[in-house]
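Residue-level listing of the chains:
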Amino acid sequence: MLTWSDRVEAADDGPLAALAAHLVPAGARVLLAGPHSPALLDALAHARLTCLLRGYPDAAAVAGRVDRVLVAGPYGLPAGEEYDVVIAGAGLDAVESVEGERLGWGGLLARLVAAVRPGGDLLLRLDNPLGVHRLVAAGSWYAGRNDADWTVGGVLDAGRPGSLEQVRQRLDDAGMLPGTCYAGYPRPDLTTALLTVDELARRTTSGLFDAVLHTACTAGYTGQFVLADPARLAVDALHAGRAAELAPSWLVLARRPTGPGHDPEPADTGDAAHRLRRVDRSDNPPPGSEGADRLPVAFVADAVGGTVVEVRDGPQGWHWHPSGITVPCTSPDAVHSGSESAHRDPAAAEGPVPDGRLLRSLLLDGCLRRDTALLRRLLRGYADWLDGQAEQGLVAGAAAVARADNLVVDGDRWAVLDRGWTADTPLTVDVVLARTLRHFAADLLTGGYAHPWTSTLDVAGLTVVLGGVAGRDFDRAVVEAATQPEVTATPSPTDPPPGPRSYQQLREAWLRQQEENTRLAALLKWTEDLLTSRERALRRAEAKINLLSGSLSYKVGRLAITPARMAKRGARAAKRRARAAIATKQGGQQ
């Protein structure tokens, strides 16, 4: 395809590059099937790379960076060649070419499986036709008429797996041993977070997963029009144990067995047709299944700094670990939710991942259920924790800039989830508390969440109320002074939340604006009625004055008072002349 390009943005493959660096040993023969970003090529510089592409422009772009380039799609791959690792990080659709007979999804899978040597690994990505991106999309997926929409991306193609269970079945049928699987968020064309499917289903209240999904979906859909908030939907799916099923894409790792006699049985019929067949995996454990070489639990790309960090599972639990992969910022407009007077410290990001639930989710739960006792316990616990973190009344480090979306609570224990962000200068406890409460108040009002307080409060007013719940006496001046260095504009309760332009949230904002307009119209009508009544009273007073000024008694009184006024004026003039004469005499004597 001489003019076709599947160019991948530079920021798309950060987590994939970090994962591939774990899989590929030095000197291994690797086949990259389909387009991949420069970050992946840099991460695999220690291996012998072969790129299988279908577009000539893409082949020309990577020709100087890899050992070998094969063009013409699956037909460009010589028969009989085998590789240690085959990576199809863009899916199989990006391998299919219009030059030659169409193989379909199953034919492409068979071709790539044949290129995996015994004991080698296949890393395959599959888009989810029922993912979060599809559920919140403002446009129909079946109405695309662009050049890139020449393949069916839904579930209409019976030859394409439509679920994670089906892709595992296909791999098993092809003679591969499915292993670790990752859920990719926030979009199929932009993966900034890879989370293991098993842990997503097991740890539904994990503060780490809660924060990662919310941040990834907020930054990944910023500025886009969607039907509903994808971050809210992803977090709700996590709490329901369905975050893996609603992931926009999956990344499945499978290994080709080395032991003899692995001959998959024919597919069963009837009700057992969709059952995964069990094979002997004792000699061929999938990578990451056991031992010290287990793959990380998660790969997360920072939307602001562009660094990719890993979450590894060790004897002491989960811990952060830098991957060494850096990609361009996935969202140039993204701003750290803490403070502009903070910086990212890569060394501080390494360490244990604290257990517990995300403070933001707990506070939202308390607001929605009107559980004021829970809100009081959480906010006072947070204020007391800040007191414990302070030295001589000042809070420094990560605690000074951590907001409700970066704090986890486990019983009476509090901790900062991601300690990579630290404050440039220490801050007082009241300033840190006021900033955190103001940030949550803005999310609460602009997000349209119900809460137990009056609906006429603005952000500053609700911050004062939250400070009172936390046991601190804040006034509006203190709140504005504490938050002034980090904000450029105070959001209004009628504004939509930052990030994606959700029709659902825009409608809620429109309803809030309608309520505010109704209130202002009623206030305007009351003011107009008051002015009208005052004007009528003034007219009655003027009429009465005019009536009295024309009466005989008014004229007689005016004739009687006129000599008195003239005498008063004369007395004032005489007094001024006497003062002037005395002043002149005194000046002459001197």
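Along every chain, residues carry numbers that run from 1 in the direction the sequence is written. Restriction of local features to residues with pLDDT of at least 70 applies here, the model being predicted, together with a cutoff of 80 or more for giving and counting side-chain atom pairs; totals for whole chains, interfaces and linings are based on all residues. Each side-chain value is worked out from all heavy atoms of the structure, with water and hydrogens disregarded.

**Student:** Before we move on, could you go through a positive patch on the surface and cite the residues and values that matter?
**Tutor:** Taken together, the side chains of Arg565, Lys568, Arg569, Arg572, Arg576 and Arg577 make up a positively charged region of the molecular surface. Each helix is a run of DSSP H or I of at least 4 residues and each strand a run of E of at least 2, with the numbering of both proceeding from the N terminus. Mapping Lys568 onto the fold places it in helix 16 (residues 552–589). Think of a patch as exposed residues, more than 30% relative accessible area, with no salt bridge, where like charges cluster within 9 Å and nonpolar side chains (Val, Leu, Ile, Met, Phe, Trp, Tyr) cluster within 5 Å. Reported accessibility uses the Shrake-Rupley method at a 1.4 Å probe radius. Residues are deemed covered only where the shown protein chains occlude them. Any Lys or Arg side-chain nitrogen found within 4 Å of a carboxyl oxygen on Asp or Glu counts as a salt bridge. His is not counted, nor are the chain ends; Lys and Arg add positive charge and Asp and Glu add negative charge. Taken as the charge centre is NZ of Lys, CZ of Arg, CG of Asp or CD of Glu, depending on the residue.

**Student:** If you had to explain the pairing of strand 7 (residues 190–196) to someone new, which residues and values would you point to?
**Tutor:** Burial analysis of strand 7 places 7 of its 7 residues in the buried class, the great majority of the element. When DSSP finds at least two bridges between two strands, those strands are taken to pair. Pairing between strand 6 (residues 177–187) and strand 7: 6 bridges, direction antiparallel. Within strand 7, the residue paired with Ala183 across the bridge is Leu195. Turn length for the strand 6-strand 7 hairpin, with the two strands adjacent in sequence and antiparallel, is 2 residues. Taken together, the 3 bridges between strand 7 and strand 10 (residues 298–301) define a ladder with antiparallel strand orientation. The residue bridging Leu194 from the neighbouring strand is Phe299, located in strand 10. Think of it in three bands: residues with accessible area under 20% of the maximum for their type are buried, residues over 50% are exposed, and the middle band is partly exposed, with areas taken using a 1.4 Å probe on protein chains only.

**Student:** Can you tell me about the pattern of salt bridges, naming the residues and giving the values?
**Tutor:** What the rule picks out here adds up to 21 salt bridges. The salt bridge partner of Asp189 is Arg187, with a shortest N-O separation of 2.9 Å. For the salt bridge of Arg232 with Asp236, the shortest nitrogen-to-oxygen distance reads 3.0 Å. Taken together, the residues span about one helical turn, with Arg232 and Asp236 both in helix 9 (residues 230–239) at a distance of 4 residues. Since its relative accessible area comes to 21%, Arg232 is described here as partly exposed. In this structure Asp236 comes out as partly exposed when scored by relative accessible area, which is 37%. Here the salt bridges do not stand alone but share partners, grouping Glu199, Arg202 and Arg203 into one network.

**Student:** So what about the nonpolar core? Which residues, and what values?
**Tutor:** In terms of nonpolar packing, the biggest core is built from 65 residues, with Leu122, Leu124, Tyr185 and Leu208 touching the most fellow members. It is helix 8 (residues 207–220) that contributes the most residues to this core, 7 residues altogether. Here a residue-residue contact requires only that any non-hydrogen atoms of the pair lie within 4.5 Å. In this structure, Tyr185 is in contact with Val132, Leu190, Thr191, Thr192, Ala193, Leu213, Cys217, Ala234, Ala243, Leu246, Ala247 and Pro248, ignoring residues within four places of it in sequence. The nonpolar core is taken to be a set of buried Ala, Val, Leu, Ile, Met, Phe, Trp, Tyr and Cys residues, with the residues joined through side-chain atoms within 4.5 Å.

**Student:** Outline a nonpolar patch on the surface, supporting the account with residue identities and numerical values.
**Tutor:** Taken together, the side chains of Trp141, Tyr142 and Leu156 make up a nonpolar region of the molecular surface, amounting to roughly 390 Å² of accessible area. Secondary-structure assignment places Trp141 in the loop between helix 5 (132–136) and helix 6 (164–173). Given a relative accessible area of 35%, Trp141 falls into the partly exposed group.

**Student:** An account of the packing of helix 10 (residues 359–368) against helix 12 (residues 429–446) is requested, with residue identities and associated values reported.
**Tutor:** Note on method: axes are straight lines fitted to C-alpha atoms, helices fitted across the in-contact stretch only, with angles between N-to-C directions ranging 0 to 180 degrees. Relative orientation of the contacting elements helix 10 and helix 12 amounts to 50 degrees, with a least axis distance of 12 Å. Considered as vectors, helix 10 and helix 12 are oriented oblique to each other. Once helix 10 is placed against helix 12, the crossing between them reads as right-handed. Mapping the contact onto sequence places Arg360, Leu363, Leu364 and Cys367 in helix 10 and Phe440, Asp443 and Leu444 in helix 12. Each residue is assigned to one of three groups, with Ala, Val, Leu, Ile, Met, Phe, Trp, Tyr, Cys and Pro labelled nonpolar, Asp, Glu, Lys and Arg labelled charged, and all others, Gly among them, labelled polar. Here the contact of helix 10 with helix 12 is built from residues that sort into 5 nonpolar, no polar and 2 charged. When an angle is under 35 degrees it counts as roughly parallel; over 145 it counts as roughly antiparallel; between 65 and 115 it counts as roughly perpendicular; any other value is oblique. Each crossing is labelled by how the near helix is turned from the far one, with a counterclockwise turn of less than a right angle marking it left-handed and a clockwise turn marking it right-handed.

**Student:** I'd like a description of unusual backbone geometry, backed by residues and values.
**Tutor:** Residue Tyr185 is joined to Pro186 through a cis peptide bond whose omega torsion reads 10 degrees. Relative to the assigned elements, Pro186 resides in strand 6.

**Student:** An account of the pairing of strand 12 (residues 317–326) is requested, with residue identities and associated values reported.
**Tutor:** In this structure, strand 11 (residues 307–314) lies alongside strand 12, joined through 8 bridges in antiparallel fashion. Within strand 12, the residue paired with Arg312 across the bridge is His319. Judged from the 2 bridges that link them, strand 12 and strand 14 (residues 351–352) form a sheet pairing that is antiparallel. Its bridge partner lying in strand 14, His319 is registered against Pro352.

**Student:** I'd like a description of the sheet that holds strand 1 (residues 29–33), backed by residues and values.
**Tutor:** Here we have 12 strands laid out as an open sheet, ordered 3-2-1-4-5-9-6-7-10-11-12-14, and mixed in their pairing. Where the open sheet ends on each side, the last strands, each with one partner, are strand 3 (68–70) and strand 14. Lying over the sheet, helix 8 contacts strand 6, strand 7, strand 10, strand 11 and strand 12, oriented at roughly 165 degrees with respect to strand 7.

**Student:** Can you explain the confidence of the model for the protein? Please cite residues and give values.
**Tutor:** As a per-residue measure, pLDDT reflects the predictor's confidence and takes values from 0 up to 100. Taken over all residues, the pLDDT of the protein has a mean of 82, while the share at 70 or more is 83%. For the stretch residues 261–282, pLDDT sits under 50, and the model shows 29 contacts to residues farther than four places along the chain or on other chains. Confidence drops under a pLDDT of 50 for residues 287–292, and excluding neighbours within four residues, the segment shows 12 contacts in the predicted structure.

**Student:** Describe in detail the sheet that holds strand 17 (residues 407–410), supporting the description with residues and values.
**Tutor:** Each strand in a sheet pairs with its neighbour through backbone hydrogen bonds, running either in the same direction (parallel) or in the opposite one (antiparallel). Sheet architecture is open: 3 strands sit in the order 15-17-18, paired in antiparallel fashion. Two strands bound the open sheet, and with one partner strand each, they are strand 15 (357–358) and strand 18 (413–416). With 2 bridges connecting them, strand 15 and strand 17 associate as antiparallel partners. From the neighbouring strand, Arg357 faces strand 17, where its bridge partner is Val409.

**Student:** Pulling in residues and values, what's your account of the packing of aromatic side chains?
**Tutor:** Stacked, tilted and edge-to-face are the three classes assigned to paired rings of Phe, Tyr and Trp, where Trp is represented by its six-membered ring and a pair needs centres within 6.5 Å; plane angles under 30 degrees give stacked, over 60 edge-to-face, the rest tilted. Overall, the coordinates contain 4 aromatic pairs when judged by the stated rule. Between Tyr382 and Trp385 the ring centres are 6.2 Å apart and the planes differ by 25 degrees, which places this aromatic pair in the stacked class. Here Tyr382 pairs with Trp385, and both are found in helix 11 (residues 372–389), just 3 residues apart, close to one helical turn. The pair formed by Tyr382 and Trp385 is uniform in burial state, with each residue classed as buried. Summarising the aromatic geometry, the rings of Tyr382 and Trp414 are spaced 6.0 Å apart at their centres and angled 35 degrees between planes, so their arrangement reads as tilted. One end of the pair, Tyr382, is in helix 11; the other, Trp414, is in strand 18, with 32 residues separating them in the sequence. The exposure class of Tyr382 is buried, given its relative accessible area of 1%. Through pairs of rings, three or more aromatic residues link up here, namely Tyr382, Trp385 and Trp414. Look at NZ for Lys and CZ for Arg. If either is within 6 Å of the ring centre and within 35 degrees of the ring normal, a charge sits over the ring. When the ring centre of Tyr83 is taken as origin, the NZ or CZ atom of Arg29, which lies over that ring, is 4.6 Å away. The ring of Trp318 carries Arg203 above its face, with NZ or CZ at 3.9 Å from the centroid.

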